[in-house]
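What the coordinates show
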Amino acid sequence: MRWALATCAALMLAAPAAHAWQAGQEGAICTLTHSEGGIDIRLTHDPGPPLWTITVTAPEPWPEAASFGIAFLGGAEITITTDRHSLSAEGRAISVADRGFGNVLAGLSENAQAVFFTGDAEYSASLDGAAPEVAAFAACGISPSV
């Protein structure tokens, strides 16, 4: 019995975390990614201009709509909408770019769930474990003052 429990515990530790948020860097570009429920979420930060982006890729094309929004639920709830979104050529990816993402980063780190919506399409993602990765993403590319 102990062997079975030890084996199960070892397998659980070796398995990658499901739905994990992951901060990273591709050259000078900082990234934050997450995949869940058929959607892929990717944020980037280019500290040069500065430029922040979020792209949510869905299994089906997003509908053409006047606005795109994110509702952050389960904590410091906030809903953010914009009319400055764009769709990829095939319509599966919806993106927004801006010079600042303070509300988005706060929403990701202070809540339990994010709901991405436009038109009649809606997808949600768990924010479990996002806060430390959001903090690493936010700090990426910031040079300490001397």
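Keep in mind that this is a model prediction, so the values were computed, not measured.

Further remarks concern the pairing of strand β6 (residues 78-82). Where strand β5 (residues 68-73) and β6 come together, 5 bridges link them in antiparallel fashion. By the bridge assignment, Phe68 is partnered in β6 with Thr82. From the end of β5 to the start of β6, which pair antiparallel, there are 4 residues, and Gly74 there has a positive phi angle of about 85 degrees.

In the predicted model, the protein carries a mean pLDDT of 88, and the fraction of residues at 70 or more is 84%. Overall, residues 1-18 carries pLDDT values under 50, and its contacts beyond four positions in sequence, including any with other chains, amount to 0 contacts.

Moving on, we get to the nonpolar core. Core analysis: the biggest nonpolar cluster contains 31 residues, and Ile41, Leu43, Ile54, Val56, Leu108 and Phe116 have the highest contact counts within it. Excluding residues within four positions of it along the chain, Ile54 makes contact with Ile41, Arg42, Leu43, Ile70, Ile94, Ser95, Val96, Phe101 and Phe116.

The next subject is the packing of aromatic side chains. A full pass over the atoms with the stated rule returns 4 aromatic pairs. The interplanar angle of 85 degrees and the centroid separation of 6.1 Å between the aromatic rings of Trp62 and Phe68 together place this pair among those described as edge-to-face. The exposure class assigned to Trp62 is buried, which follows from its relative accessible area of 4%. Consider the rings of Trp62 and Tyr123, whose centres lie 5.2 Å apart with planes at 75 degrees: the pair is edge-to-face. Remark: Tyr123 occurs in strand β10 (residues 121-126) and Trp62 occurs in the loop between β4 (51-57) and β5; sequence separation between them is 61 residues. Taken together, the ring pairs in this structure connect Trp52, Phe101 and Phe137 into an aromatic cluster.

This brings us to the pattern of salt bridges. One pass over the structure, following the stated rule, counts 2 salt bridges. The partner of Arg42 in a salt bridge is Glu26, and the shortest N-O contact between them spans 2.9 Å. Note that Arg42 is positioned in strand β3 (residues 39-46) and Glu26 in strand β1 (residues 22-26), a separation of 16 residues in sequence. Look at Glu26 and you get partly exposed, because its relative accessible area is 46%. A salt bridge links Arg84 to Asp98; the shortest N-O distance between them is 2.9 Å.

This part takes up the pairing of strand β9 (residues 113-118). Bridge count between β5 and β9: 5 bridges; the pairing is antiparallel. Its bridge partner lying in β9, Leu73 is registered against Gln113. Bridge count for β9 against β10 is 6 bridges, and the pairing is antiparallel. By the bridge assignment for β10, Ala114 is matched with Ala125.

Attention now moves to the state of the cysteines. If you walk through the whole model with that rule in mind, you get 1 disulfide. Paired by a disulfide, Cys30 and Cys140 hold their sulfur atoms 2.0 Å apart. Disulfide Cys30-Cys140: the torsion about the S-S bond is -80 degrees, which places it as left-handed. In this pair, Cys30 sits in strand β2 (residues 29-36) while Cys140 sits in the segment after α3 (130-139), placing the two residues 110 residues apart along the sequence. Each member of the pair, Cys30 together with Cys140, is buried.

Criteria and thresholds
- Residues numbered from 1 in each chain as written.
- Predicted model: local features only at pLDDT ≥ 70, side-chain atom pairs only at ≥ 80, totals over all residues.
- Heavy atoms only, no water.
- Pairing = 2+ DSSP bridges.
- Helix = DSSP H or I, 4+ residues; strand = E, 2+ residues; numbered from the N terminus.
- pLDDT = per-residue confidence, 0-100.
- Contact = heavy atoms within 4.5 Å.
- Core = buried A, V, L, I, M, F, W, Y, C linked by side-chain atoms within 4.5 Å.
- Buried < 20%, exposed > 50% of the residue type's maximum accessible area, 1.4 Å probe, protein only.
- Phe/Tyr/Trp six-rings, centres within 6.5 Å; stacked < 30°, edge-to-face > 60°.
- Salt bridge = Lys/Arg side-chain N within 4 Å of Asp/Glu carboxyl O.
- Disulfide = S-S within 2.5 Å.

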